[in-house]
Each structure stands twice: as C-alpha cells, then as structure tokens.
Amino acid sequence: MIKINNSGPIDRVLFYILVPAFLINLYLIFVWSPVEKVMGDVQKIFYFHVGSAWVAFLAFCVVGFYSVLTLIKPKMERFIYAGISAEIGVLFTTLALLTGMIWGRASWNTWWTWEPRLITTLILWFIYVAYLFVRKMEGSWEKIAKLSSVFGIIGVINVPIVFMATRWWNTKLHPVVFGEGKDQTGGGMEPEMLATMFFSIFTITVLYVFLLRKGAQIEKMREVIKKAKTNIINKIAS
Amino acid sequence: MKELETMLELKNVTKVLGNKLILRNISLSLGEGETLAVVGPNGAGKSTFFKCTVGLLQPSGGEIILDGEIIKKKSVAVKKKIGFLGHESFLYSNLTPFENLKFYGKLYKVSDLEHKSMNLLKEVGLYLFRDVPIRSFSRGMIQRLAIARVLLAEPNILMLDEPHTGLDQEAVALLNKIIKEKQKNGKSILIISHDFEQVHTLADRVAILKKGVIVDTIQLDGKMSLNEMKEWYDKVVMGG
Amino acid sequence: MITILTDALTIAAKDLRNEFKTKQTFSMMAIFAVLVILVFSFAFDPTNNAVKAVIPGLVWVITIFAGILGLNRSFTSELENDCLTGLRSGPIDATSIYLGKVLANFTIVTLVQIISIPVLFILFNYRFTGSYFWFILILFAGTLGFIIVGTFLSALSANAKNSEMLLPVLLLPLLSPLMIAAVQAMRAALENENLENAVSWLQLMSAYDLLFFAACLLLFEFIMEGS
C-alpha cells in the first residue's frame, strides 16, 4: 500500500526558504557580486553553471543511494525517489552542459572543449538517459525496480572513473590521480564571487530537494490512481 | 495405513507481485510417493504458485520445505532433487538430444552420464535421433526429450507444469506411462493442469486454487469418477 | 566455489558448441567487423600517412561494434525454448551463468579480433612496429572489460522487447573510461614510445576490469531473479 503522506509542513518550509533565497540569489549574482574584469557580464552564468552541475552529480548520488536501498528491500517509495531524482538530474545535467558551453564560447571562443569536467557531465547525461530507458521497460514494477537499480549502481560506480580517465587523458602527461589539473575556477576569485557561488549552490540544492519531494508525491498519486482504476476495471469485468 | 513421509511442504506461503497479493497463506503438503494435482481457473495464481515451489520465485512470506530443507535463494543443492518439466522444453535447438542431455547432466552432476543418457534416449524412443540437432524435431519429440531431461537427474520430486498441453496421443501415453512408473517407484509428483481427464487418471489428491487460496482438496484414491470430480470442481469454483 | 567454476565452464562450452554448430553469429560478427573497416577506409583515405593515427581507435571501434552484435544474442538466444528458466531452476549459482557467458563471449570476440585486426592492418597498409607483448596485453585487458560489462548489460537488456536497441545505449556510456584508456594505451604501444604511459593506462584498465567484474558478479543474481 502506498501512503501519500501530506507532509505539508516540510514542503511549506522548503517553499518559504526557496522563494526568498532565489530572489536573494538573483540579487547577489546580478547586482552584488562584482563584474569579472576579463569576461564581463557573461561570467554571471558561472553561478548557475556550478549550481546545476553540483545538483546533477548530487542527484545521481541520490539515484545510487535509492538503488542500493531498493535492492536491499524493494519498496515502491524508494523506486519512485530514484526515478524522480534521475529525471531532475537529466534537467540539471542539461542545464550544466548548456551553461558550460556558453561559458566556453565566451571564455575560450569555442562551444565545446574536451575538458574533463565537461566530458564527465556529458557522459553522466547519457547514463541518466540510459537509466530512464531501463525504467521504461515493460514488466512488473518489482522487476523494473531491480533492473534499474542494478544499472543505477553500475552507473554511479562509473562516474568517478570517467572523471579520472578524462583528466588523465586531458593532461596527456604522466597520470596524476590527486591534485588539481588545469584550474579554471578556483584561483583569482574575489570573496564576493565565492560567497555568491556558495549561495547559488545552496539555493539550487534546495530547489532540487523541493522538486524531488513534489515529484515523488505526484508519482505516488499517479500510482494510487492507477491502482484505483484497475480495481474499478476488475470490478466491472467480474 | 502407514503415515507418509512429507516430501514437500508449504507453510503459509504468500506472494505479493507488484501491488497484488497473488498467493495468500497457502499451506499444503505432499507425501512421499503421493501425486497431487493443483487445478483452478485462469488467473488463480497457479503459475506463480508453481514458480515458488520450483524455486524460481522467492515467496514474500512463509516457507517452502523440500525433503526437510527450506528452499531459499541460495540453496542450490536442494534444486537437484526437483525435476521440473515446464511449458517450454528448456532445450537448445542447435544441439543434438545427446548433447542437450549431457549439458544438463553435467550441471546436475549426474554420475555415469553417457550410459544413463543413452538409456533414457532409448526409453523415450529418441535413440535413433540422438545425433540430429533438435531444431528439426516435432513438438512431441521435443517434449519426449524434455521428459528425458527431467528424469536424467533422478529427482525425488517431479513438478509438472501443464505437461499434457500440446501433446499428441502417443506422447500423452508415453508421459503417463513414465509418470505411473515413477509413482510406483515412490516418487512424489506435483502436477498443475487444466486437463481433468489426465488429472483424474494420475492424481491421488486434487487441490483447487482460486484467487490465490487453496479453497478445497479432495482425495481421489480411484473411488471418485471423473464426472463426480468435475461436479465437485464446478461447485467449488462457482460457489462462494 | 569450484562447482561455480566447473558449471561456468560447462555453460561456456555449451554456448560455444551451440554457436559453432551454425557459426551464424560468429560469421556475422566477422563480416560486420570487416565491413566497418571498409567504411572507415572510405571515410579516411588509407593511403594518407596521417591515417596511422586513427589505427588504435579503429581497433576498438571494430571490437565494440562487432562485439555488440554477439552480445545481443548472448542472452536472447537463451529465451528460445525458455532455456534461461531451465538454467535458473537448475542446481547452479547465478554467478556461474554469468561467468560462463563471459567466457563464451570473450572467446568469440577474441576470434573475431584475430580475423579482423590483421584485415585492418592490411587494408590500411599498416606496418606493425610496436611491441607484440604490450599490444596483446592491452587488447586482452580492454576486450575483457568490454565483455564483463557487455555481458552483464546484455542480460539486463534481454528483459526488454527492444533489447538490440537498448544494449548499445546502456553499454557505450559505461565503456567510455575503458575506451579512453584502451585507445591511449594502444597508441603508446603501437607507436612504441613512452611505454611508461602505456603501463599507467593499463593500470587504469585493470582497475576498471576488476571493479566492474566484482560489481557485476555481485549484482548479477538480481537480474536473474525475475518476477
């Protein structure tokens, strides 16, 4: 039996944090934080980029987490959370890719560079989509829950390896496992920029949590309706 | 009459698939040398019941005990005692009957494999075709080979899933002959079937599965006629 | 433990026998691999000297493209007569099914490579100057990783109706780190320069192989459970 828990309070709190946070975030980004000297206004996209990329990876970790839980004990709720997290993840991965491309165009005059983080994000996007394809398979939800969880776990294992491999590839030097490679974001940031970046990450993370909860609620309602429908059909038929 | 040793026992077996409760609290036992047939209307959960007993599905609740051992996901050795004859033959079309038997024999760790498979092939009348890929075989021939496959491992219990469907008269006669022989040898047999006539000729006891519950069982012992059995079935299934 | 291995060998032997009775999958794979080489020789002019640079990549492209054809059949062929149920209901551990399939697939893909890689070198007029030892070692590690993940995902996608389309979509993103490493290592080995580089890429490949082998072995029974 699926429970639709009307956990209104938590959602309401999230919502009341989210709205002002977003307004503050926009203020910080466009008014408060200084304009970057070399790149100018285009640099503002960086705040959205970092936030989206962070959520893209966070969402995938959540998929992995719920996949492990689903395998341990299959529950509809866990299955739903993994799926919704993947769907939101696709959205933010796409945003991270697009903003990254715009950034690249502005700073390196090319839409695409084979930069490790960018490649990893692109491959993450493909893994997400593949995961959603697995979930679209026909069969009982238990079977699909098992198969998609298995794929989710394998996918999560893969992501850090992709990052490592692309970084080694990119440096074309003797592989460095630890330590920074080419540095594009860290150095030379003013404290206001850093603060804005962290606030932006925070806001987008709250947005993610909010979307995840809402998405899961909608999905649960859908399940309840589906169940009611089959019940009615069975009654009419018999 | 001496008390039968229990070969297969189901204790409060429940199975939930998706959001549906397919099997509820099924308790059944099958004695050594006994033949039990499970019948029931479509959608009663017969195939789920069967999959649970052969260990393909893990019951959501309760336990299945075979020859004193609980069937679990990891219990590999118990499965050796089960002879599972399914809808499909489980045979590889590119391989010959002999190769098919040898493959399964190795997996079931059958000793003296070549000799036994040759004897079985003679028994089911496929000895002449032992080196022909089974792709060209008729359905009846394939089913005969499937029977040989099941018997190869000398199982303690035979589990037959609608074994008579799609068989010609000759194959039905052969199957019944083999089943009766195994009954004489004291093997336990579980049959799931639609075919009342065959159930009547083979089974000692019949259980009706309806909406995931065993609603009634009846002892046949050769005293009840086919019509009486059918009447009983109709009454149980229609009523309530 | 030993029974798992012997069962795996039995299953692999059965698969190979089943395959080499008709040689259908194998010959299709070999012909497809050669066709891919042909298409690539149209795409890059083989007489051009710069084309040597794409050889390491091509070795892997033909392996993966032809390999996917075979992997597609690996588990869907078990669905005929519902043989997979026969295996699952038998007294064998699910991991031995996986191991057996990995062995069989690896053998078939290696045989395809034995045919297709010389053809690639001949058609592209490539003179092999590198070290055979490293070349074969890298080929082995890369192909093994490909088969480990590929066999696993082949079992997973066999549950879908459109399994032939699903498999590449699932497999290629997961293979990307392995392929980066394999191509780089192969380049270093073929150009016979900086073997140190090849060794570190080979280390990454071995790590990938081991990690995914362990994960697939652990998770395989969940795929086989079904419901």
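Residues numbered from 1 in each chain as written. Chains lettered and ligands numbered in written order. Predicted model: local features only at pLDDT ≥ 70, side-chain atom pairs only at ≥ 80, totals over all residues.

Student: With reference to specific residues and values, describe the overall build of chain B.
Tutor: Each helix and strand counted, chain B has seven helices and 10 strands in total. Radius of gyration (C-alpha) of chain B: 18 Å, near the 18 Å computed for a compact globule of 240 residues. A principal-axis box enclosing the C-alpha atoms of chain B has dimensions of 55 × 40 × 40 Å. For chain B, buried positions account for 42% of its 240 residues. Residue pairs at least 24 apart in sequence account for 71% of intrachain contacts in chain B once pairs closer than 6 positions are excluded. (Helix = DSSP H or I, 4+ residues; strand = E, 2+ residues; numbered from the N terminus. Rg over C-alpha atoms; globule rule 2.2 N^0.38 Å. Buried ≥ 20, exposed ≤ 12 C-beta atoms within 10 Å, placed from the backbone. Contact = placed C-beta atoms within 7 Å.)

Student: Can you lay out the packing of helix H5 (residues 94-123) of chain C against helix H6 (residues 132-157) of chain C for me, pointing to particular residues and giving the numbers?
Tutor: All names here are of chain C. At a closest axis distance of 9 Å, the pairing of H5 and H6 adopts a crossing angle of 135°. The angle between H5 and H6 places the two elements in the oblique class. In the crossing of H5 with H6, the sense of the turn from one axis to the other is right-handed. Contact with H5, carried on its side by Tyr98, Lys101, Val102, Asn105, Phe106, Val109, Thr110 and Gln113, involves Leu139, Thr143, Leu144, Ile147, Ile148 and Thr151 of H6 and no other residues of that element. In terms of residue class, the contact of H5 with H6 is built from eight nonpolar, five polar and one charged. (Axes fitted to C-alpha atoms, helices over the stretch in contact; angles between N-to-C directions. Parallel < 35°, antiparallel > 145°, perpendicular 65-115°, else oblique. Left-handed = near helix turned anticlockwise from the far one by under 90°. Nonpolar A, V, L, I, M, F, W, Y, C, P; charged D, E, K, R; others polar.)

Student: Hey, could you go over the sheet that holds strand S6 (residues 82-85) of chain B for me, with residue numbers and the actual values?
Tutor: Residue and element names in this part refer to chain B. The six strands lie next to each other as S6-S7-S8-S3-S9-S10, forming an open sheet whose pairing is mixed. With partners counted over all chains shown, the strands left at the sheet margins are S6 and strand S10 (213-219), one partner each. The sheet shows a mean angle of 15° between the axes of neighbouring strands, taken without regard to direction. In this sheet, S10 lies alongside strand S9 (residues 205-210) in antiparallel orientation, the contact comprising six bridges. Bridging from a neighbouring strand, Leu209 pairs with Ile214 of S10. (Pairing = 2+ DSSP bridges.)

Student: Any details on the sheet that holds strand S2 (residues 20-31) of chain B? Residues and values, ideally.
Tutor: Think of a sheet as strands paired side by side through backbone hydrogen bonds, with each pair either parallel or antiparallel. All names here are of chain B. The strand order across the open sheet built from four strands is S2-S1-S4-S5, with neighbouring strands paired in antiparallel fashion. Strand pairing shows two members of the sheet lacking a second neighbour, S2 and strand S5 (69-70), which therefore form its edges. Pairing of strand S4 (residues 61-66) with S5, which is carried by two bridges, proceeds in the antiparallel orientation. Bridging from a neighbouring strand, Leu66 pairs with Glu69 of S5.

Student: Hey, could you go over the interface of chain B and chain C for me, with residue numbers and the actual values?
Tutor: Taken together, the 25 residues of chain B in the interface contact 20 residues of chain C. In terms of residue class, the side of chain B that touches chain C is built from 15 nonpolar, five polar and five charged.

Student: Outline the pairing of S6 of chain B, listing residues and values.
Tutor: Residue and element names in this part refer to chain B. Here S6 shows two buried faces, one formed by Ile82 and Phe84 and the other by Gly83 and Leu85. Pairing of S6 with strand S7 (residues 157-161) involves four bridges; the strand directions are parallel. Bridge pairing links Gly83 to Leu158 in S7.

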